[in-house]
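# Coordinate analysis (summary)
In case you want the letters, here they are:
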Amino acid sequence: MAAPKVAVVGAGVIGLSTALCITEACPSCSVTVLSDQFSPNTTSDVAAGMLIPHTYPGTPIHVQKQWFKETFTFLFAISNSPEASEAGIHLVSGWQVFKNTPKEELPFWSDVVLGFRPMSEAELQKFPQHRFGQAFTTLKCDCPPYLLWLEKRLKATGVQMHTRKVTDLWDLHSEYNVVVNCAGIGAHQLVGDEKLFPVRGQVLKVHAPWVKNFIRDGDGLTYVYPGIHRVTLGGTREKGSWSLSPDPGTTKDIFDRCCSLEPSLRGAQDIEVKVGLRPSRRCVRLQREVLSRGGVKLLVVHNYGHGAGGFSVQRGTAKEAARLVGECIATLPGSSSRAKL
Amino acid sequence: MRVAIIGAGVIGLSTALCIHEQYHSLVPSLEMEVYADRYTPYTTSDGAAGLWQPYLSDHSNLRETVWNKETFDYLLGHLGSPAAKEMGLFLISGYNLFTQPVPDPSWKNIVLGFRNLTPKELELFPGYSYGWFNTALMLECRNYLPWLTNRLTQRGVKFFHKKVESFQEMFAQGVEVVINCSGVRAGELQPDPELQPGRGQIIKVLAPWVKHFIITHDIESGIYNSPYVIPGSEFTVLGGINQHGNWNEENSAQDHKTIWENCCRLLPALQKAKIIEEWSGLRPARTCVRLERETVHHGHFQAEVIHNYGHGGFGITIHWGCAMAAARLFGSILQEKQLASPPQPRL
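Parameters and conventions
- Residues numbered from 1 in each chain as written.
- Chains lettered and ligands numbered in written order.
- Predicted model: local features only at pLDDT ≥ 70, side-chain atom pairs only at ≥ 80, totals over all residues.
- Heavy atoms only, no water.
- UniProt positions renumbered as here; feature names shortened; annotations may be inferred.
- Helix = DSSP H or I, 4+ residues; strand = E, 2+ residues; numbered from the N terminus.
- Contact = heavy atoms within 4.5 Å.
- Polar contact = N/O pair within 3.5 Å; in protein donor to acceptor, adjacent residues only side chain to side chain.
- Buried < 20%, exposed > 50% of the residue type's maximum accessible area, 1.4 Å probe, protein only.
- Salt bridge = Lys/Arg side-chain N within 4 Å of Asp/Glu carboxyl O.

Residues and elements named next belong to chain B. UniProt records the feature "binding site: D-dopa" (unreviewed entry) at Gln53 and His217, using the numbering of this structure. These residues run over 165 residues, yet every pair of their C-alpha atoms falls within 13.2 Å of each other. With respect to the helices and strands, Gln53 occurs in the loop between helix H2 (44-47) and helix H3 (62-78). Those residues in contact with Gln53 that sit more than four places away from it in its chain are Asn96, Trp107, Phe213, Ile215, His217, Tyr224 and Thr317. At 2.8 Å, the side chain of Gln53 forms a polar contact with the side chain of Asn96. By secondary structure assignment, the location of His217 is in the loop between strand S9 (212-216) and strand S10 (228-231). Taking the relative accessible area as the measure of exposure, His217 reaches 6% and is therefore buried. Residues within four places of His217 in sequence aside, it is in contact with Gln53, Leu56, Asn96, Leu97, Phe98, Thr99, Tyr128, Ile223 and Ser226. A polar contact is formed between the side chain of His217 and the side chain of Asn96, at a distance of 2.7 Å.

A few words now on the pattern of salt bridges. All names here are of chain A. Throughout the structure, instances matching the rule amount to 38 salt bridges over all chains. Here Asp36 ties to Lys165 by a salt bridge, and the two come within 3.5 Å at their closest N and O atoms. Note that Asp36 is positioned in the loop between strand S2 (30-35) and helix H2 (43-46) and Lys165 in the loop between strand S6 (160-163) and strand S7 (178-181), a separation of 129 residues in sequence. We classify Asp36 as partly exposed; its relative accessible area is 36%. The exposed category is assigned to Lys165, whose relative accessible area is 60%. For Glu238, the salt bridge is made with Arg200, and the minimal N-O distance between the two is 2.8 Å. Taken as a pair, Glu238 in strand S12 (residues 238-239) and Arg200 in strand S8 (residues 197-207) lie far apart in primary sequence, 38 residues in all. With relative accessibility at 28%, the residue Glu238 sits in the partly exposed group. For Arg200, a relative accessible area of 3% gives the class buried. Through salt bridges with shared partners, a single network forms among Arg288, Glu320, Arg323 and Glu327.

What follows is the structure, encoded as C-alpha cells:
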C-alpha cells in the first residue's frame, strides 16, 4: 500500500510534538498538520511553558511520572545543545512557596527536576507570608520560539502544515488513513466531549530582565516565570469560563499578587496581557477510537485534555499517541508492520 | 573639615557615602570631595560582571570574610526596596564547577541555599565532577556607580575630574583626611610591592536565555583563569582570564579566543550568542586588602590617610564591609581631633 497518510489536527505544543513523534516512529508515513491557528496564536503561546507538572486526578501517578520524565529528558538534551536558544528551551531555578505546609511534601516529580530540596530558613525570609517552600531547577519552553522550532523540524522531515478549520473529523476521511485529534480546547466542539472544560488563565508578559529565578505559589494561582525576553506573571484558574478577553481588574490583581512575591516587579515595563483556555479534563484523553458511519471506518487517535500540564507531558503523551497511530496503521488493509514501534 | 576621596570606583564611592551618612550630622563642617581621573563607565568596577562571590579560600583573612558577609547582608536587605532596580541589584542562582572534590567555602552560609551538585546536574557540565549550587546577588556597577553618585551629589559631595599625583598635593590644599581608594594604581601614590594587577578580559554577549551564573575552577590555573559565564540584566559576561603582573589594558586576540572557545564548550548554546563588546581591566590584586590608617606629617600639621585598596577580583563582594571599616577608622580620627563623640549605635 502507499505510505499511510496521517493528519494531525491542532498545532499547539501537543499537535506539533505528536506530529514529530509520529515521523520518528513511522518514517514512511506522510504527516500533515491541520489547524485553524498556528503560533503565535495557539493556547500554548499564552502559557509560560514551565516544566512543572499538573496532577491529573484520573491518571495513575506512575504514568504521569513516566510522561514527565520522557519530556524532561528530551528537552534537557536540547537545552544543552547549540540549538537551545533557537528552540527557546532553557534551564531556570527558583522556588515554590506555600502559605500552609502542603499535605504532600514531596511531589511525584521531585526526583525528575534538578536539585529538588526544601528551602532553607534564610531563603524563606524573602517570602514573609509563606511558611514552607521547595527549591529546584527545571526547564522552560518559551513560545513562540519553541513552537516555531518544532514547526521547522517538522518541515525539514517533509511534514506539511495547512491552515484549515476542521469542524468534523469525517471531513478528513477521504484524504487520510488516520486522524490524530490534538485539538485541545477545540475538542469540545470537534468531538463533542462534555468532559472537557476550559480553565481560563489570564497572564501578563512583562519586561523585567533582572528577574532570573522563578517563584510559584503552591496554590498555583500566583507565579513569576522568567523567559528569554519576557517574564510571565500569573494568573487565574477560572473553571468554565470561555472568555478570551483580558479583564483589567484581573490584570491589576495579578500584578499586585506577583509584586508581593517579587517587589522588584514594580519596575516592570511593557506589560502585555494575554488569555488562554486550558483544555482541562480529569485525565488526558489518550486513546484510539474507530468511528463508523455507513460501513465506513475512520481511525482516530485522541491526544487532548492536558489542561495546565501540556508542556510538562508533551513528549510522553506524544510518544504514546504515536504508538497508537502505529497500531492503527497495522490494522489498515494491505499493511505489513511498517510502523516502527 | 575637608575630606578627599581618591578614586571613584565601587570602593571610592561607597566609602564616601558610608562616611558621609554616618558623620555628616556629627561634623557640620564636613566637606567631602571625590577626586578621580576615571569615572563610571570607565572604572575597573564597571567592567566587572557584578556577581557577589568571594574567592574560594580566604587565606585566613578572617576580617575579609566578615566584610564579605556584611556586604551580602546589607545588599540582601535592599533587595525588596524600590531602590533595588536603580542600584542594579538582583538575586541570581548558579553553579561553581570543579574537576575534583573541594572543601566548602567560607561563604557557604552567607549565600542562600548552598548545596553540592547532584549527579544529574553534573551531566550538564562534562569534564567537571564536583560542584556547588547557590543563590547569590548581582550588583551591576553600570547602575550602582551612578546610583552612588546621585546619593553623594544629593548630599552635596563635590566631584573633581583630576589625577591626584600625591597625598601631599591634597594636604597642601587644606585637606585633612585623604581616603585612598585608588585601586590598582595605588602604587603611584605610595609604592606597594604587594599590589599587582590581575589582568582580566571579558566578552559581553546577548544571551538572554542564560539565567544562571557558571564559574569553573581549575586549581592549577588559579582563580578566574578558568571559564565563567555571568548573566546580567541586559548582557551576559564571558570571562576566564587573570594574568598576574600584566598591566596591558588592551584587548588580546589570543585571550578572546581562549574565552570564546572555553565558554562555548561549557555552554554550547552560547555559539549562537551575538557579541556586543570586549573589555580588559586590571584587578587590584594584593595578598590582603589594605585597610588601615596612616598618619602623615605635613609640616607642623598631622594629616591622615585611610587606605582602602587591593580588593582584587572581589571588590563588589566586599565593598560595603570595607566602607564601614573605613568609616570606623574615620570615626577614630574624629575622636582624636575631638571633633565628634563616637557615633551612637543605630537602633
